[in-house]
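Chain by chain, the residues:
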Amino acid sequence: MGNKPINQQPPTALCVGGTDSCGGAGIQADLRVFASIGVHGASAITALTAQNPNEILHITANTVFQFEAELQAIANYYHVACIKTGMLFDAEHLQSLLHLKQTLMQTSQMVVDPVLVASSGSLLFDADSARKAYSDLIVQASVWTPNLQEAAFFLATTTADIEQDMFEAAAMLLLQFKVPVLLKGGHQSGEVCTDIFADLKGNMIPFTHRKQKLNHALTHGTGCRLASAVAAYLSLGLALLEAIEKAELWLQADLTQE
Ligand code: PLP
C-alpha cells in the first residue's frame, strides 16, 4: 500500500454508483456536484447505463473484482471524508462496498441514497434482495435519503400513503434503522414539494420548495444531486443539519440556473 499524503486538501468525497450516459444522474452528476461545492471527487463504478431521462436502453454491470480494485486503489491513497452511494446494482456489489468500508474506510462518513428504480420506471437494483442488503448498509450511514417510492418500499406501503403524512413516514423511516433520514418529496403531486429531515432525537425539519416548472431532462437526477451535495458538505466538515440546509440551497440554485 502506498503512503497517503497528509492533510489532503481539498477533502475527498467518493461516489459509488452507476454511470448515467445523459449526465443528469449517477456518477456524472455526483462528480459535477462535488466539483461545484469544492471537494475532490473519486468514484467507484457498479454498472454502466445507457439512458436518457425517458428510458434506460441497457445496463452492464462492472465486475466485482474491478469494482473492489477501484475502492482499494482509492483507499490506498486518499482519506475519504464521505462516501455517497447511488445505484449499487445488486447485493454482491453492495456487500463488497460494505466490507471495504468496514475494513479500509472506517472513519469515512456515508450518505446512502437507496436507488431502486429510475423515474423512467426501470429497475436499478434487484427488488428481491434490496430490503436485506440495504438494511445492512443503511445502519452504517450518517444519513439516508429515500424518495417517496423508496420510502414506500421500505415501509411496505404506497407512495400515496407516504404523501398523505410525510412527517409520520419520516418518523417511521427513522425508527426502522435508527439512522437520520432525509425523506425526499421531489416527486410529490401539487405546486410545492417538501423534503423532511428527521434526526436521531426525533426532530423533524421540513424544507419546502415551490416546484420548478422544468422539463424532465432537468429534474432527472435531482434526488441524486441532493444526496451528493449533502456528502460534499459533510466532507467539508459541516455538521449534518447544516450540510442538509446547504445542500437544499445548492440544489435550488442548480435548478434555477439551468
Ligand atoms: N441512473 C442512475 C445511474 C442513477 O444513479 C439514478 C439515481 O441515482 C437514476 C438513474 C435515477 O434518476 P431519476 O430517478 O431521476 O431518473
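Residues numbered from 1 in each chain as written. Predicted model: local features only at pLDDT ≥ 70, side-chain atom pairs only at ≥ 80, totals over all residues. Heavy atoms only, no water.

### Examining the site of the ligand
Point 1. Close to the ligand lie 13 residues; Gln51, Val115, Ser119, His220 and Gly221 are nearest.
Point 2. His220 has a polar side-chain atom sitting 2.8 Å from an oxygen atom of the ligand.
Point 3. In the complex, 92% of the free accessible area of the ligand, which totals 400 Å², lies under the protein chains.
Point 4. Residues of the shell around the ligand, tallied by class, amount to 6 nonpolar, 7 polar and no charged. (Near = heavy atom within 4 Å. Polar contact = N/O pair within 3.5 Å; in protein donor to acceptor, adjacent residues only side chain to side chain. Areas by Shrake-Rupley, 256 points an atom, 1.4 Å probe, with all protein chains shown as cover. Nonpolar A, V, L, I, M, F, W, Y, C, P; charged D, E, K, R; others polar.)

### Side note on the packing of aromatic side chains
Point 1. Counted under the stated rule, the structure contains 7 aromatic pairs.
Point 2. On the numbers, 5.2 Å between centres and 80 degrees between planes, the contact of Trp144 with Phe177 is edge-to-face. Here Trp144 is found in strand 6 (residues 143–144), whereas its partner Phe177 is found in helix 7 (residues 166–177), with 33 residues between them in sequence.
Point 3. Measuring from centroid to centroid gives 5.3 Å for Phe153 and Phe154, while their planes differ by 85 degrees, and the two rings are edge-to-face.
Point 4. Note on Phe154: relative accessible area 1%, which makes it buried.
Point 5. Three or more aromatic residues joined by ring pairs form one cluster here, namely Phe125, Tyr134, Trp144, Phe153, Phe154 and Phe177.
Point 6. For the cation-ring pair, Arg131 lies above Phe153, with the distance from its terminal atom to the ring centre recorded as 4.7 Å. (Phe/Tyr/Trp six-rings, centres within 6.5 Å; stacked < 30°, edge-to-face > 60°. Helix = DSSP H or I, 4+ residues; strand = E, 2+ residues; numbered from the N terminus. Buried < 20%, exposed > 50% of the residue type's maximum accessible area, 1.4 Å probe, protein only. Lys NZ or Arg CZ within 6 Å of the ring centre and 35° of its normal.)

### What to know about helix 2 (residues 64–77)
Point 1. When the terminal C-alpha atoms of helix 2 are compared, their 20 Å separation across 14 residues agrees well with the 20 Å that a helix rising 1.5 Å per residue should span.
Point 2. For helix 2, the set of buried residues is Val64, Phe67, Glu70, Leu71, Ile74, Ala75 and Asn76.
Point 3. Turning to helix 2, the residues buried within the fold contact strand 1 (12–18), strand 2 (40–52), strand 4 (80–85) and helix 3 (91–104). (Expected span 1.5 Å × (residues − 1). Contact = heavy atoms within 4.5 Å.)

### A closer look at helix 9 (residues 222–235)
Point 1. An ideal rise of 1.5 Å per residue puts 20 Å on 14 residues; helix 9 measures up with 20 Å between its terminal C-alpha atoms.
Point 2. Buried residues dominate helix 9, accounting for 13 of its 14 residues.
Point 3. Looking at the residues trailing helix 9, positive phi occurs at Gly237, about 100 degrees.

### Here's the deal with the pairing of strand 8 (residues 192–198)
Point 1. Within strand 8, 6 of the 7 residues are buried, leaving the element largely enclosed by the surrounding structure.
Point 2. Note that strand 7 (residues 181–183) and strand 8 share 3 bridges and pair antiparallel. Residue pairing across strands places Val181 opposite Ala198, the latter belonging to strand 8.
Point 3. Connecting the antiparallel pair strand 8 and strand 9 (residues 204–210) is a turn made up of 5 residues, with Gly202 showing a positive phi of about 90 degrees. (Pairing = 2+ DSSP bridges.)

### Here we look at the nonpolar core
Point 1. By size, the foremost hydrophobic cluster in this structure holds 44 residues, and its most contacted members are Leu14, Val16, Leu71, Tyr134, Leu137, Trp144 and Ile162.
Point 2. Top element by residues in this core is helix 7. It accounts for 6 residues.
Point 3. In this structure, Val16 is in contact with Ile27, Ala44, Thr46, Phe67, Leu71, Ile83, Lys84, Thr85, Gly86, Met87, Leu88 and Leu97, ignoring residues within four places of it in sequence.
Point 4. Residues Cys15, Ile45, Tyr233 and Ile244 belong to the second largest nonpolar core, which totals 30 residues. (Core = buried A, V, L, I, M, F, W, Y, C linked by side-chain atoms within 4.5 Å.)

### Comments concerning the pairing of strand 4
Point 1. By the criterion of burial, strand 4 is predominantly enclosed, with 6 of the 6 residues buried.
Point 2. As paired elements, strand 4 and strand 5 (residues 109–112) share 4 bridges and run parallel to each other. Along strand 5, the bridge assignment pairs Thr85 with Val112.
Point 3. Regarding the hand of the β-α-β motif, the stretch spanning strand 4, helix 3 and strand 5 is right-handed. (Right-handed = clockwise from strand over helix to strand, strands pointing away.)

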